[in-house]
Amino acid sequence: MPRKASVDAIREALRSEMQRDESVVVMGEDVKLAVFAGTRWLHREFGDERVINTPISELAVAGAGIGAAATGIRPVIDLMFGTFLYLALDQIANQAGAMRYMFGGQTKLPLVFMTVNGSGISAGHHHSQPMHPLFMNMPLIKVIVPSTPYDAKGLLITAIRDDNPVLFLSPLALGSLRGEVPDETYTIPLGEAAIRREGDDVTICTVGAMSRRCMEAARTLAKEGIECEVIDLRTLKPWDKACLLRSVRKTGRFVAVDESFPVCGAASEWAATVAEKAFQHLRAPVQRVSNLDVPLPFSPVLESAAVPTTERIVDAVRRCMQAEPA
Amino acid sequence: MSDVQPAVALDIYRRVLNIRRFEEEVGRLFTAGELPGVVHLYIGEEAVAAGVCAALRDDDYVTSTHRGHGHVLAKGGDLNRTMAEIFGKETGYCRGKGGSQHIADFSIGMLGACGIVGGGMPIATGAGLSIKLRKTDQVSVAFFGDGAANEGSFHESLNLASAMTLPVIFVCENNQYGEFTPARDTMNIEDIAVRAGGYGMPGHIVDGTDALEVHAVVNQAVTRARNGEGPTLIEAKTHRRGGHAEGEEAFLAGQTYRLPEEEEMARLRDPLLILHERILHEGVADAHALENIEQETTRRVADAVTFARESPWPAEESVLEDTWA
Ligand SMILES: Cc1ncc(C[n+]2csc(CCOP(=O)(O)OP(=O)(O)O)c2C)c(N)n1
Ligand SMILES: [Mg+2]
């Protein structure tokens, strides 16, 4: 299988769907030259009407996407850095997520917002925040955080075909990562986790850029004889509860690793679910590994200290293993 | 230049040159791989920050943008601490927590650069509100780009400042591009200054490559603001000399986005050369005096680089400092 960078996988997904369905349009600031390159050159093939460079007006662009989606277009809106979603939030939270329900099922909104997500390149707080928990907290919005180029392509195609608002948040750290990606069009269902590694001792659940870090931790721990099962959720809403619960029932130990702020982060939701549905199977307290509860600092020394490191993941697993069974 | 004092002209020259030499050095350091993150240089636009800040007092406020080094230095920021912040060092203005796009020096009224386009304008408006409430005669300036004039924050801030008669000066640095997209593709007007009319404030267009022109126009707006007559929008027409961000060639992969004549114009309308020329031509100072300023500036920039290089990284524990007040 050919190896491709994540941005190329994203471009292939967009091309595939723009070829397949004329109503798919891409819009956003600088989508033609595109800092993150996922939308680059698409205008050469599909023209300026379907690949639209917008003004720097996130709120209006998001809202225009909603209006267009409600009236026959299938927009993919590229907002570049995840933090710029804050400027579009009113339209996404008050309108996109609510319109169909609020108006008694009259409309559907086939709409994708895509951005990069999270930290890792010393971009400072305004370009580095993890955005996914915010949208998990909004009813009727789907949230995808891929961790490989393969998943990015398949999940984005599914997102574009979906008739609901979907947030596609690709980890900033993923940009240049290469992986196997078939040339053909394929879809990956939303809400289906990938088990990256099987193990009987501890379940690690994660998403996005932390997936690789969890695998590193798992390899380190394997040398000590601790076998981790690593679950990469891939989509946060809907999410694969069954997969997580099955694993925790097997291992009896659970570490939730998420690159987001700790209060009401994704890890909080997973931990609560395990506490509700698999409490009697737990042999140790659930451990969460999240960002520190501070804005993302610029200096590389500080930035790497602010997010989950492999060492912190390894420590959390060890704490789990050392805890006395109740 | 009849109404410009020689001392003022030289003061502005120092500020322009300071920014130019500093930014050239930042560009070199970035290319050499010495800087973390990304930097947006102010080269080509120095006349705006210098002309504006020379019309301000130390206790006046400014808010800045992602392209903020020039605003910090023009407002009187320390070269060493600015450079150290760009390096991410402990001795930087923000102890390495902010970086290039988040430099602030509250002691000189520099309320912060900003990575969010349009993010500074409401804050400058709020500083204007505070001035009004505290009944001082300070003023507040918001620097922002042409691209930012399409954000809601621009429209809401102008309206708020005007409705409340606040001492705010909105300075649009119109370099005709937002990243790689020309302004002509994203707005249907030639001059952003016309938007002032929609909010009931004066709007001025000024040649943003001529620091003395900028200074003269800003002076009027400052007087108006200090007299309690309210806000002004100033559009400075200028040119970005280089790319949107340093290192962009790597991902542009050979693709250009500016017209050759635009690049030529950016070279011709060089604010440093224009000011240099005017100062000599109008007899404000001689070449020898300007050469002395040049040498002093070059030395201070070199010192700043040494300072930043030799400064320690922040201690890892400091990641949890500067949290709750
Ligand atoms: C809210 C927001 N949207 C988009 C961006 C990405 N971005 C950074 S700079 C820039 C262009 C800004 O153009 P302009 O305001 O004209 O300033 P200039 O770079 O020309 O100085 C864009 C789109 C951002 N930082 N913040
Ligand atoms: Mg601009």
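What counts as what
Residues numbered from 1 in each chain as written. Chains lettered and ligands numbered in written order. Predicted model: local features only at pLDDT ≥ 70, side-chain atom pairs only at ≥ 80, totals over all residues. Heavy atoms only, no water. Helix = DSSP H or I, 4+ residues; strand = E, 2+ residues; numbered from the N terminus. Rg over C-alpha atoms; globule rule 2.2 N^0.38 Å. Buried < 20%, exposed > 50% of the residue type's maximum accessible area, 1.4 Å probe, protein only. Contact = heavy atoms within 4.5 Å. Areas by Shrake-Rupley, 256 points an atom, 1.4 Å probe, with all protein chains shown as cover. Lys, Arg positive; Asp, Glu negative; His and termini not counted. Charge placed at Lys NZ, Arg CZ, Asp CG, Glu CD. Near = heavy atom within 4 Å. Polar contact = N/O pair within 3.5 Å; in protein donor to acceptor, adjacent residues only side chain to side chain. Nonpolar A, V, L, I, M, F, W, Y, C, P; charged D, E, K, R; others polar. Axes fitted to C-alpha atoms, helices over the stretch in contact; angles between N-to-C directions. Parallel < 35°, antiparallel > 145°, perpendicular 65-115°, else oblique. Left-handed = near helix turned anticlockwise from the far one by under 90°. Pairing = 2+ DSSP bridges. Buried area = accessible area lost by both parts, 1.4 Å probe. Salt bridge = Lys/Arg side-chain N within 4 Å of Asp/Glu carboxyl O. Donors = N, O, S within 2.8 Å, 3.2 Å for Na, K, Ca; no water. pLDDT = per-residue confidence, 0-100.

### What about the overall build of chain B?
Here is step 1: Scanning chain B from N- to C-terminus turns up 13 helices and seven strands.
Here is step 2: Since a compact globule built from 325 residues should have a radius of gyration of about 20 Å, the 19 Å found for chain B is in line with a globular shape.
Here is step 3: Summarising its shape, the C-alpha atoms of chain B cover approximately 55 × 50 × 45 Å along the three principal directions.
Here is step 4: When burial is assessed residue by residue, chain B has 59% of its 325 residues classed as buried.
Here is step 5: Sequence separation of at least 24 residues holds for 76% of the intrachain contacts in chain B that already meet a minimum separation of 6.
Here is step 6: For chain B, the exposed surface amounts to about 12,900 Å²; the carbon and sulfur share of it is 53%.
Here is step 7: Averaging the positions of the 29 positive and the 49 negative side-chain charges in chain B gives two centres separated by 3 Å.

### Quick word on the site of ligand 1
Here is step 1: Neighbouring ligand 1 are 22 residues, the closest being E58 of chain A together with H66, R67, G115 and G147 of chain B.
Here is step 2: In this structure, ligand 1 is bordered by residues of chains A and B.
Here is step 3: Within the side chain of D146 of chain B, a nitrogen or oxygen atom sits 2.9 Å from an oxygen atom of ligand 1.
Here is step 4: The backbone of G147 of chain B places a nitrogen or oxygen atom 2.8 Å from an oxygen atom of ligand 1.
Here is step 5: Protein burial of ligand 1: of its 580 Å² of free accessible surface, 98% is covered by the chains.
Here is step 6: Residues that form the shell around ligand 1 fall into these classes: eight nonpolar, eight polar and six charged.

### Observations regarding the environment of A37 of chain A
Here is step 1: Checked against the element boundaries, A37 of chain A lands in the loop between β2 (24-28) and α2 (42-46).
Here is step 2: Ignoring anything within four residues of it in the chain, the contact list for A37 of chain A reads V7 and R11 of chain A.

### Re the packing of helix α8 (residues 210-222) of chain A against helix α12 (residues 310-322) of chain A
Residue and element names in this part refer to chain A.
Here is step 1: Relative orientation of the contacting elements α8 and α12 amounts to 55°, with a least axis distance of 9 Å. With respect to each other, α8 and α12 are oriented oblique. For the element pair α8 and α12, the recorded crossing hand is right-handed. Seen from α8, the contacting residues are R213, C214, E216, A217, T220 and L221; seen from α12, they are T310, I313, V314, V317 and R318.
Here is step 2: Here the contact of α8 with α12 is composed, by residue class, of six nonpolar, two polar and three charged.

### Some points on the pairing of strand β5 (residues 111-117) of chain A
Residue and element names in this part refer to chain A.
Here is step 1: Judged by how many residues are buried, β5 sits mostly within the fold: seven of seven residues are covered.
Here is step 2: Across five bridges, strand β4 (residues 74-81) lies against β5 in parallel orientation. Bridge pairing in β5 places I77 opposite F113.

### Comments concerning the sheet that holds strand β6 (residues 142-144) of chain A
All names here are of chain A.
Here is step 1: In space, the seven strands of this open sheet follow the order β3-β2-β4-β5-β7-β6-β12, with mixed pairing throughout. Single-partner strands in this sheet number two, and they are β3 (51-53) and β12 (235-237). Sheet twist, expressed as the mean angle between neighbouring strand axes with direction ignored, is 20°.
Here is step 2: Across the face of the sheet, helix α1 (residues 6-20) comes into contact with β2, β3, β4, β5 and β7 (165-171) while running at roughly 135° to β2.

### Digging into the packing of helix α1 (residues 6-31) of chain B against helix α12 (residues 271-281) of chain B
Residue and element names in this part refer to chain B.
Here is step 1: Here α1 crosses α12 at 150°, and the two axes come no closer than 10 Å. In terms of orientation, α1 and α12 fall into the roughly antiparallel class. In the packing of α1 onto α12, the handedness of the crossing is left-handed. Across the interface between the two elements, A9, L10, I12, Y13, V16, L17, R20 and R21 from α1 touch P271, L272, L275, H276 and I279 from α12.

### Observations regarding the sheet that holds strand β7 (residues 232-237) of chain B
Residue and element names in this part refer to chain B.
Here is step 1: Strands sit in the order β1-β2-β3-β7-β6 across an open sheet of five strands; the sheet is parallel. Each having just a single partner strand, β1 (61-63) and β6 (203-207) make up the two edges of the open sheet. Strand-to-strand twist of the sheet, defined as the mean angle between neighbouring strand axes without regard to direction, takes the value 20°.
Here is step 2: Bridge count between strand β2 (residues 140-145) and strand β3 (residues 168-174): six bridges; the pairing is parallel. Bridging across to β3, A142 finds its partner in F170.
Here is step 3: Across the face of the sheet, helix α2 (residues 46-53) comes into contact with β2, β3 and β7 while running at roughly 175° to β2.
Here is step 4: Along the sheet, helix α5 (residues 120-134) contacts β1, β2 and β3; its crossing angle with β2, the most-contacted strand, is approximately 170°.

### Notes on the interface of chain A and chain B
Here is step 1: If you look at the interface, chain A gives 35 residues, while chain B gives 38 residues.
Here is step 2: Roughly 2,700 Å² of surface becomes buried between chain A and chain B when both sides are summed, with 66% attributable to carbon and sulfur atoms.
Here is step 3: If you sort the residues of chain A by the area they bury against chain B, I56, F298 and L302 of chain A come out on top, with a joint share of 24%.
Here is step 4: Connecting chain A to chain B are zero salt bridges.
Here is step 5: Applying the counting rule to chain A against chain B returns 11 residue pairs in polar contact (both at pLDDT 80 or more).
Here is step 6: The dominant element in the side of chain A that touches chain B, judged by the number of residues it contributes, is helix α11 (residues 300-306) of chain A, at five residues.
Here is step 7: Among the residues forming the side of chain A that touches chain B, the class breakdown is 21 nonpolar, 10 polar and four charged.

### Some words on the coordination of the magnesium ion (ligand 2)
All names here are of chain B.
Here is step 1: The protein atoms that coordinate the magnesium ion (ligand 2) are D146 (OD), N175 (OD1) and Y177 (O), at distances spanning 2.1 Å.
Here is step 2: In primary-sequence terms, the residues that donate to the magnesium ion (ligand 2) follow D-x28-N-x1-Y. Of this pair, D146 sits in the loop between β2 and α6 (152-163) while N175 sits in the loop between β3 and β4 (177-178), and the two are 29 residues apart along the sequence. Side by side, D146 and N175 carry an identical accessibility label, which is buried.

### What about the confidence of the model for chain B?
Here is step 1: With 99% of its residues at a pLDDT of at least 70, chain B reaches an overall mean of 97.
Here is step 2: What the predictor reports for the complex is a pTM of 0.97 with an ipTM of 0.97.

### Some words on helix α4 (residues 79-87) of chain B
All names here are of chain B.
Here is step 1: For α4, the tally of buried residues reaches seven of nine residues, placing the bulk of the element in the interior.
Here is step 2: Here α4 has its buried residues at L79, T82, M83, A84, E85, I86 and F87.
Here is step 3: Buried residues along α4 sit against α1, α3 (69-74) and α13 (287-310).
Here is step 4: Looking at where α4 begins, the residue whose side-chain oxygen comes 3.4 Å from the main-chain nitrogen of N80 is D78.

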